[in-house]
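# Close look at the chain arrangement
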Amino acid sequence: MARLNENYLNVKESYLFVEIANRVSKFEKENPDKPVIRLGIGDVTRPLPPIVVKAMEEASADQGRADTFHGYGPEQGYLFLREAVQNYYKSFGASIGTDEIFISDGAKSDTGNITDLFAQDNIVLVPDPVYPVYVDTNTMDGRKLIYMSGNAENDFLPMPDPSVHADIIYLCSPNNPTGAVYSKEQLKEWVDYALANNAIILFDSAYESFISDPSLPRSIFVVEGARKCAIEFCSLSKTAGFTGTRCGYTVVPKELVFPAADGTEMSVNKMWLRRQCTKFNGASYIVQKGAEAVFTPEGLAACHENTEYYQENARIIAKTLDRYGIRYFGGTHSPYIWMECPGHMASWDFFDLLLNEVQVVGTPGEGFGENGKGYFRLTSFNTHENTQAAMDRLASLMEKHFK
Ligand code: MLT
C-alpha cells in the first residue's frame, strides 16, 4: 500500500487564498446582480509595460525560426537575465555574483522548494502574522515551527530574542501581510542573531520595489554579514506585473557553507544548483526575455510608474480609514494596508460583513496567524476607480454599523 505524507493532515484543508476565492465565487453565483470589488489577494491589475510585451513578442518570433530557436535553457536561468538582475542589485548597493542568482517562475515556488535543502529537525522561526506559504511548506515536511510575535506594540516588526534558538528564520520586508519594513539597523540585528546561531535567514524581498525611502534596505545583502547567513527571494510579480507571466529570482551566496555530520563541507549554493538541475528545467525563454526588458531603463521607469499608481490607491484607502479613525499599518512602502477590524470584530466576521453588505473583498488577518485576529488586509493593486468605489462602500458600511 502506498503510504502518504501524513504531515498534510496538519495543514488546513485549503490554502488561504483558495478559501477566499471559493467564498467569493459562491457569493457571486448566488448574487449575480451584485458586482464585487477585490482588494483581497495581492494580484496586480496594470498591464505589462510595452517594452516587456515587445521583448516577449520578439522572443516568440525567435522560437518560430530554426536559427533563433531555443530548446532547454540553463536550469539556473539565462546569463543575460542574471546579469540584468546583478546590475539591478548594484543599483541599490548590493554586490552579488551571477553564479549566485537563480531564475525561477516566482518567489512563492522558491520559498517552498528551498525546504528541500534542509533536514527535518531544524527549528524554523517565523513571524506571526506570516505569509502562509512559509508555514504550510514546512508543515508539509514535518518541521517544527516556532513563532515570534508581530503586534501593534512592535509595529509588526519582531526582533530577535537571544534566549530563543532557531536554525532557519523567515523574514519578509516589506512585510506581507502587514506592510511593515525593517530598517538596515534592525536587519543587522537579525544578521547578527543568525550568525550567532549558525542559522540561515530566508529573506523574502518580493515587495522591495514599493520602498520609496532610499535609507530603507531593498535587499538583505546591503547588510554586513548577510552573505554568510542569508538567502534572498524576489519576484517580478509585484515589481513588474508578472503575477500571471511568472518570473522570480533567488540569490544564494557562495559563503553559505555548513558542515555535514561527518564534517564534509556542504555548500548551499551548490545544493540549490543541484536541486534545480534535477527538479526544474528553468523559466521559459520567452518570459526571461520579457524579464530582461524589465531591467532596462525604459522597463524600470514603466514599472515605477505602475508602482506609483498603486501607491496612490494606498493613499485613497488610508484617507477613508483616517476619516473613520481606523488604525492601520503599512501602505507607504508596501501595497498592503493592515487595518484593525472596526468594532473589534473578528476578521472572518468582518470579511463576511464586507462581502455580503457592500461586496468588497479583503483578506482576514486570522488567515495569516493568531496575531492577525482582529485585523484585515487590503491591497492597493486594483484600479483607482475600483479602489475609490470600494472605499465609498466601506464608508457606507461604517456609517450604518459603526457610528
Ligand atoms: C498575497 O496576496 O499574499 C500574495 O499575492 C500571495 C503571493 O504573492 O503568492
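Here the structure is shown first, and the text comes after it.
Residues numbered from 1 in each chain as written. Predicted model: local features only at pLDDT ≥ 70, side-chain atom pairs only at ≥ 80, totals over all residues. Heavy atoms only, no water.

### What about the overall build of the chain?
For the chain, the count of helices and strands is 12 helices and 15 strands. At 21 Å, the chain has a C-alpha radius of gyration in line with the 22 Å of a compact globule built from 403 residues. For the chain, the C-alpha atoms occupy an extent of roughly 65 × 60 × 55 Å along the three principal directions. When burial is assessed residue by residue, the chain has 55% of its 403 residues classed as buried. Residue pairs in contact within the chain that sit at least 24 positions apart in sequence constitute 73% of those at least 6 positions apart. Of the roughly 17,900 Å² of accessible surface on the chain, 51% is carried by carbon and sulfur atoms. Considering the chain, the positive charge centre built from 37 side chains and the negative charge centre built from 52 side chains are found 2 Å apart. (Helix = DSSP H or I, 4+ residues; strand = E, 2+ residues; numbered from the N terminus. Rg over C-alpha atoms; globule rule 2.2 N^0.38 Å. Buried < 20%, exposed > 50% of the residue type's maximum accessible area, 1.4 Å probe, protein only. Contact = heavy atoms within 4.5 Å. Areas by Shrake-Rupley, 256 points an atom, 1.4 Å probe, with all protein chains shown as cover. Lys, Arg positive; Asp, Glu negative; His and termini not counted. Charge placed at Lys NZ, Arg CZ, Asp CG, Glu CD.)

### Quick notes on the sheet that holds strand 12 (residues 336–340)
Sheets are built from strands paired through backbone hydrogen bonds, the pairs being either parallel or antiparallel. Pairing is antiparallel across the open sheet formed by 4 strands, whose spatial order is 11-12-15-14. In the strand order of this sheet, the two ends are held by strand 11 (328–330) and strand 14 (363–364), each with one partner. Here strand 14 runs beside strand 15 (residues 375–379); their pairing, made up of 2 bridges, is antiparallel. When the bridges of strand 15 are listed, T363 appears paired with R377. Strands in contact with helix 11 (residues 347–358) are strand 12, strand 14 and strand 15; relative to strand 15, the strand with the most contacts, it is inclined by about 45°. (Pairing = 2+ DSSP bridges. Axes fitted to C-alpha atoms, helices over the stretch in contact; angles between N-to-C directions.)

### Here's the deal with the packing of helix 10 (residues 297–323) against helix 12 (residues 384–401)
Between helix 10 and helix 12, the least distance of the axes is 10 Å, while the angle of their chain directions is 10°. What the angle tells us is that helix 10 and helix 12 run roughly parallel. Mapping the contact onto sequence places Y309, E312, N313, I316, I317, T320, L321 and R323 in helix 10 and H384, E385, T387, Q388, M391, L394 and A395 in helix 12. A per-class count over the contact of helix 10 with helix 12 returns 7 nonpolar, 5 polar and 3 charged. (Parallel < 35°, antiparallel > 145°, perpendicular 65-115°, else oblique. Nonpolar A, V, L, I, M, F, W, Y, C, P; charged D, E, K, R; others polar.)

### Things to note about the site of the ligand
Near the ligand the following residues occur: F17, I41, G42, K108, Y131, N176, Y207, K238, Y336 and R377. Contact distances for the ligand include 2.8 Å between an oxygen atom and a side-chain N or O atom of N176. Y336 is positioned with one of its side-chain polar atoms (N or O) 3.5 Å from an oxygen atom of the ligand. Tallied by class, residues from the shell around the ligand come to 5 nonpolar, 2 polar and 3 charged. Built from parts of two domains, the shell around the ligand gets at least three residues from each of domain 1 (14–43 + 298–398) and domain 2 (50–295). (Near = heavy atom within 4 Å. Polar contact = N/O pair within 3.5 Å; in protein donor to acceptor, adjacent residues only side chain to side chain. Domains from an automatic or database assignment.)

### Quick look at the pattern of salt bridges
Enumeration over the complete set of coordinates arrives at 21 salt bridges. Across the pair E28 and R38 runs a salt bridge, and its minimum N-O distance is 3.1 Å. Of this pair, E28 sits in helix 1 (residues 16–30) while R38 sits in strand 1 (residues 37–38); the two residues are 10 residues apart in sequence, bridging distant segments of the chain. On the basis of relative accessible area, R38 is assigned to the partly exposed category, the value being 42%. Between K403 and E399 there is a salt bridge; the shortest N-O distance is 3.6 Å. (Salt bridge = Lys/Arg side-chain N within 4 Å of Asp/Glu carboxyl O.)

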